[in-house]
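Spelled out from the first residue to the last, the chains are:
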Amino acid sequence: SGVVPAMRAMQQPVIAAVNGAAYGGGMCMTLGADIRIAAESAVFCGAGVLNGLTASELGVTYLLPRAIGTSNAAWMLLTGTKVGCAEAQRLGLVTKVVPDGAVVDEALALAAGLCELSPFGVHMTKQTLWANLEATSLTAAIELENRNQLLAGYTGNLEEAKAAFREKRKPRYRD
């Protein structure tokens, strides 16, 4: 039960490459990821309710409504409806759908792109994104964002980004 919170607590973004059936705990595990990419054959289902159990495990009742809205989450979890990749993308459950056999390559390409960014900037963005889902107000959310921007200002990243732009090269962040 600590796996999903551990995924959320990681400094690095977690990318789920969903290839096939993500039922019950499998679907819940994908919700622990920051970004979800699905193969065309991917199917999502809160299956427990179909088997005399509940569809509530591993934080799904907390994470799924935040990903796709309360009404859509209730529909999926209460009915055990199987949701294919196109519908999952329409709902916002996945970011992108790719052909079968390409999902791991797509996830690795996305990860490579993330590795070119400032580790501090990516970590603080991830941390703030999830923290502000529980913020008590817009003002509190903005205050956390402002704090993190001030901290990022001390890394030297902005100066490196400007120099890289002028020199027509990729930035080399050292934070």
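Residues numbered from 1 in each chain as written. Predicted model: local features only at pLDDT ≥ 70, side-chain atom pairs only at ≥ 80, totals over all residues. Heavy atoms only, no water.

1. Considering the packing of helix H7 (residues 119-131) against helix H8 (residues 138-153)
- The interhelical angle for the contact between H7 and H8, taken along N-to-C directions, is 170°, at an axis separation of 10 Å. With respect to their mutual orientation, H7 and H8 come out roughly antiparallel. Contacts from Phe120, Met124, Thr128 and Ala131 of H7 reach H8 at Leu144, Glu145, Arg147, Asn148, Leu151 and Ala152.
- Residue composition of the contact of H7 with H8, by class: six nonpolar, two polar and two charged. (Axes fitted to C-alpha atoms, helices over the stretch in contact; angles between N-to-C directions. Helix = DSSP H or I, 4+ residues; strand = E, 2+ residues; numbered from the N terminus. Parallel < 35°, antiparallel > 145°, perpendicular 65-115°, else oblique. Contact = heavy atoms within 4.5 Å. Nonpolar A, V, L, I, M, F, W, Y, C, P; charged D, E, K, R; others polar.)

2. A closer look at the layout of surface pockets
- By volume, the largest pocket is sized at about 230 Å³.
- The wall of the largest pocket is formed by Gln11, Gln12, Pro13, Ile15, Ala111, Leu114, Cys115, Leu117, Pro119, Val122 and His123.
- Secondary-structure elements contributing two or more residues to the lining of the largest pocket are helix H6 (103-115) and H7.
- Grouping the constituent residues of the lining of the largest pocket by class yields eight nonpolar, three polar and no charged. (1 Å grid on protein atoms, 1.4 Å probe; cavity = no way out; pocket = protein on both sides within 12 Å on 5 of 7 lines; lining within 4 Å. Points joined across faces, edges and corners; volume = space filled by probe spheres on them.)

3. Some details on unusual backbone geometry
- With a phi angle near 55°, leucine 58 is a residue other than glycine that sits in the positive phi range.
- As for its position among the elements, leucine 58 is in the loop between strand S4 (43-45) and helix H3 (60-68).
- Of note in the backbone geometry, lysine 168 takes a positive phi value of approximately 55° without being a glycine.
- Within the secondary structure layout, lysine 168 lies in the segment after helix H9 (157-166).
- Looking at lysine 168, the relative accessible area reads 76%, which means it is exposed. (Buried < 20%, exposed > 50% of the residue type's maximum accessible area, 1.4 Å probe, protein only.)

4. A few points about the sheet that holds strand S3 (residues 35-39)
- Spatially, S1-S3-S6 is the arrangement adopted by the three strands of the open sheet, whose pairing is parallel. Bordering the open sheet on either side are strand S1 (15-18) and strand S6 (96-98), each of which pairs with just one other strand. Strand-to-strand, the axes of this sheet are offset by a mean angle of 20°, without reference to chain direction.
- For S1 and S3, the ladder comprises four bridges, and the chain directions are parallel. (Pairing = 2+ DSSP bridges.)

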